[in-house]
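Tertiary structure, described
So you can see what is in the structure, the chains are spelled out below.
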Amino acid sequence: MGGRVLLVVAATMVVLARTSRASWQSARADVAGVPDHWIPQLTLLTAFVLGLFAPALLLPVGSLRAVREHGGMIEVPTVLGWRTVPLEPVAARRVVVPGRGATLDVLMVRSRWRLAFVTSSGSSKPRWESTPRLRRLWRETSRRESRAKPRIMGWVVMVLWSGSALLVMSLFGGLAGVL
């Protein structure tokens, strides 16, 4: 629910900034050249927060704790609804995104054209009895790959994620007429 609200708030802020441009455009600018008024400032802040959470909002990302397995399929709850991925044939790749304290463990599950990202923090205690085939898949990827490869891919994901946050903020800022 919160992700959908963020999408609506960001769109609303772009419209508000666009329609009220005459009222804040004459305000003095700060060091970065952004008008020193609450509407463009809040629009950029909202756009930046949206950029930070955009991968989780727009990609099929769901928590391991909420994943369900039915027959030969897994169902992953995402912000935009449930994503269903068949487990036969399936390919999986593990990525470990570094963090403070606990890391974010991500399993990318792909079956033909269907894709889901299942996430688990290092401190989570998943209920594996409800997803035995996913547990087997998670263990196989952990054994099959070197320890370094998922961590290197995690750093690559962090760099791309940071770049996408700045890109989304710039796009929304441009649409709002702030940048």
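Preceding this paragraph is the structure being described.
Right, let's walk through the structure included here. (Residues numbered from 1 in each chain as written. Predicted model: local features only at pLDDT ≥ 70, side-chain atom pairs only at ≥ 80, totals over all residues. Heavy atoms only, no water.)

**Notes on the side chain of Thr-131**
- Positionally, Thr-131 belongs in the loop between strand E7 (114–121) and helix H4 (132–144).
- Given the relative accessible area of 1%, Thr-131 is considered buried.
- In contact with Thr-131, other than residues within four places in its own chain, are Val-67, Arg-68 and Glu-69. (Helix = DSSP H or I, 4+ residues; strand = E, 2+ residues; numbered from the N terminus. Buried < 20%, exposed > 50% of the residue type's maximum accessible area, 1.4 Å probe, protein only. Contact = heavy atoms within 4.5 Å.)

**Thoughts on the packing of aromatic side chains**
- Overall, the coordinates contain 0 aromatic pairs when judged by the stated rule.
- Seen from the ring of Trp-82, Arg-68 lies directly overhead, with NZ or CZ sitting 4.0 Å from the centre. (Phe/Tyr/Trp six-rings, centres within 6.5 Å; stacked < 30°, edge-to-face > 60°. Lys NZ or Arg CZ within 6 Å of the ring centre and 35° of its normal.)

**Focus on the nonpolar core**
- Membership of the largest hydrophobic core comes to 15 residues, with the highest contact counts inside it found for Ile-74, Val-109, Val-118 and Leu-134.
- Tallying contributions element by element places H4 first for this core, with 3 residues.
- Excluding its chain neighbours within four sequence positions, the residues that come into contact with Val-109 are Ile-74, Val-85, Val-90, Ala-91, Arg-114, Leu-115, Ala-116, Val-118, Leu-134 and Leu-137.
- In terms of nonpolar packing, the next biggest core, distinct from the first, is built from 8 residues, Ala-17, Ile-39, Leu-44 and Ala-176 among them. (Core = buried A, V, L, I, M, F, W, Y, C linked by side-chain atoms within 4.5 Å.)

**Digging into the pairing of strand E4 (residues 81–86)**
- Alignment of strand E3 (residues 73–78) against E4, held across 6 bridges, turns out to be antiparallel. Across the sheet, Thr-78 pairs through a bridge with Gly-81, a residue of E4.
- Following E3, the chain reverses through 2 residues before pairing antiparallel with E4. (Pairing = 2+ DSSP bridges.)

**Overview of the environment of Pro-77**
- Along the polypeptide, Pro-77 turns up in strand E3.
- Residue classification places Pro-77 among the partly exposed residues on the basis of a relative accessible area of 21%.
- Beyond its immediate stretch of four places on either side in the chain, Pro-77 contacts Val-61, Gly-62, Ser-63, Ala-66, Val-67 and Trp-82.

**Describing helix H5 (residues 148–176)**
- Here H5 contains 29 residues, and its C-alpha end-to-end distance of 42 Å stays within 8% of the 42 Å for a straight helix at 1.5 Å per residue.
- For H5, the complete set of buried residues consists of Pro-150, Gly-154, Ala-165, Val-168, Gly-173 and Ala-176.
- Backbone geometry just after H5 places Gly-177 at a positive phi near 80°. (Expected span 1.5 Å × (residues − 1).)

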